[in-house]
Amino acid sequence: MAGPDASHVQVGIVGAGPAGLLLARLPDLAGISCLVIEARSRAHIEGRIRAGVLEHETAQVLRDVGVGARMDREGLVHHGLHLAFDGESRRIDLHALTGKGVMVYGQHEVVKDLVAARIETGGAIVFEATDVAIADIESARPTLSWREGEARRSVTCDFVAGCDGFHGISRGSIPAEVLRVFERVYPFGWLGILARTPPASEELIYARHEDGFALLSMRSPEISRLYLQCAPDEDIGRWPDARIWEALQARLGAAVGGKLSEGEILQKGVTAMRSFVAEPMRHGRLFLAGDAAHIVPPTGAKGMNLAVGDVRVLARALERFYASGDESGLVGYSKTCLARIWRVQRFSWWMTQMLHRFEEDTPFDRRRQLAELDYVTTSPAAATTLAENYVGLPLDAGGHK
Ligand code: FAD
Ligand code: DHB
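The structure displayed is predicted, hence computed values, not measured ones.

Participant: What is the right way to look at unusual backbone geometry in this model?
Facilitator: Glycine aside, negative phi is the norm for most residues, and most peptide bonds take the trans geometry. Note the cis peptide between E279 and P280, where omega equals -5°. In the Ramachandran plot, D136 falls in the positive-phi region, its phi being about 60° despite a non-glycine side chain. When you line up the elements, D136 lands in the loop between β9 (130-135) and β10 (143-148). Even without being glycine, A301 reaches a positive phi, approximately 60°. Relative to the helices and strands, A301 is located in the loop between β19 (294-295) and α8 (303-324).

Participant: Even after reading the chapter, I still don't get the side chain of N305, so can you show me in this structure?
Facilitator: Tracing the chain through its elements places N305 in helix α8. A residue is classified by how much of its surface remains accessible, and N305, at 1% relative accessible area, is buried. Among the polar contacts listed, one links the side chain of N305 to the backbone oxygen of V53, at a separation of 3.0 Å. In terms of polar contacts, N305 uses its side chain to reach the side chain of T58, at 2.7 Å. Once you skip the residues sitting within four places of it in the chain, N305 turns out to touch V53, L54, E55, T58 and R340.

Participant: Sorry if this is basic, but what is going on with the pattern of salt bridges here?
Facilitator: Pairs can form between side chains of opposite charge once their charged atoms are near each other. The tally for this structure, following the rule as stated, stands at 26 salt bridges. For the salt bridge of D374 with R90, the shortest nitrogen-to-oxygen distance reads 2.7 Å. In this pair, D374 is assigned in helix α10 (residues 363-376) and R90 in strand β6 (residues 88-92), connecting sequence segments 284 residues apart. By relative accessible area, which is 34% here, D374 ends up partly exposed. Here E109 makes a salt bridge to K112, at a shortest N to O gap of 3.2 Å. Residue E109 and its partner K112 are located together in helix α6 (residues 107-120), separated by three residues, close to a single helical turn. The class for K112 is partly exposed, based on a relative accessible area of 30%. When salt bridges that share partners are traced, they join R70, E74, E109, K112 and D113 into one network.

Calculation rules
- Within every chain, residues take consecutive numbers counted from 1 along the sequence as written.
- Think of it this way: whatever chain is written first is A, whatever ligand is written first is 1, and the rest follow in order.
- With pLDDT at 70 or above as the cut-off, local features in this predicted model cover only qualifying residues; side-chain atom pairs require 80 or more to be listed or tallied, and sums for whole chains, interfaces and linings still use all residues.
- Heavy atoms throughout the structure, all of them, feed into the side-chain values; hydrogens and water do not.
- Secondary structure counts use DSSP, requiring at least four H or I residues in a row for a helix and at least two E residues in a row for a strand, with both numbered from the N terminus.
- Only protein chains enter the calculation, and the probe is 1.4 Å; a residue is then buried if its accessible area is under 20% of its type maximum, exposed if over 50%, and partly exposed in between.
- Any N or O atom pair separated by 3.5 Å or less is treated as a polar contact, with the protein-specific requirement of one donor-capable and one acceptor-capable atom, and with residues adjacent in sequence counted only for side-chain atom pairs.
- Contacts between residues were defined by any pair of non-hydrogen atoms, one from each residue, lying within 4.5 Å.
- Definition used for salt bridges: Asp or Glu carboxyl oxygen within 4 Å of a side-chain nitrogen of Lys or Arg.

See below:
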């Protein structure tokens, strides 16, 4: 394991989100040295409220690397979810259709568990690094450099993993002529709140409503997590708490059989929505993983799960390389990941188009949306396609092969 003063590490990791932290843990268990460089403070990354749904296999990966104990104690295992539309709420029985469920456990809790595990084993994370730069990715000795206070520091690496999210610097380190970008920006965002009130439903409710989409989720038996479709550049100042509750009551009230219980709003924020893929995910000795390479709209609850999928593929490839010199996993990394990523992109787009209000939609489109929801909640075949994607496609070989 590399200390913070090492001049060379096997794997230099940019970003301490779920992707970077898990990647630091997996090869570390195989004795491969890693260093993690993060732009923000520990308190910031541990308090950042984001995703909440872990696929069946994502939860298993966390157990496999020894950070699943608190998740298994405090997380909520869900065997179904609800789709609400046209005044009704219908259940998709994930477990009956797939034999699997999902784990509701906050991303920031996963981050806390991974940071604690790394620090406990003496692993280095440099927090609050500025001016992070990656150089010489086409050489055998790429360099990671950053500023810590007044001091400029650097390490050489065998490989660099760009796990620094959508706004990080890694993707831009790949020459523009090599990178191909596929993108769709949606004409709406989500306004998300965390509220001190018991969830009004034991399971998640995804609601399609004439006013726009709404989602009921939770973090614990006392804390609700709720989302509303809003403008992509919505000014949160225009949403006092009373207006948020009013909109949530209108969109979710019928689905919970009356009123949502209201409570203190602990946090609120707006997220814009896009579908985005950058190809290839490897150039020279730089590997992109997670949001650095791709973004999905959150309707399918897939972003963090995709990050974990990439990292699993990369960690295995690195382990094989260091154990036997076999480079095939590293060479195939981008292709292996992209096969799965595109399936997940399709699912996330499909859930988004089925559940949101698009201003340009005609009355025909609205009826078609309702027919799709009716079909997916009554046909076992259609419900199974939703369920098998929601609990997670297999991590290996891009899906069902
Ligand atoms: P990030 O978590 O973004 O981590 C990147 C890290 O790199 C950050 O810590 C950042 O500070 C750091 N960084 C950035 N730039 C630099 C730099 N130059 N140098 C060093 N460090 C840098 N996903 C799901 O799976 N399920 C869900 O239910 C879900 N719901 C979501 C709800 C919302 C409202 C949002 C916003 C997202 C949701 N997602 C969900 C998506 C999920 O949060 C992301 O896909 C996930 O965070 C990706 O992890 P990552 O490690 O790739 O990137
Ligand atoms: C949550 C977020 C999502 O994007 C989703 O699809 C389901 C749940 C959440 O934050 O709990």
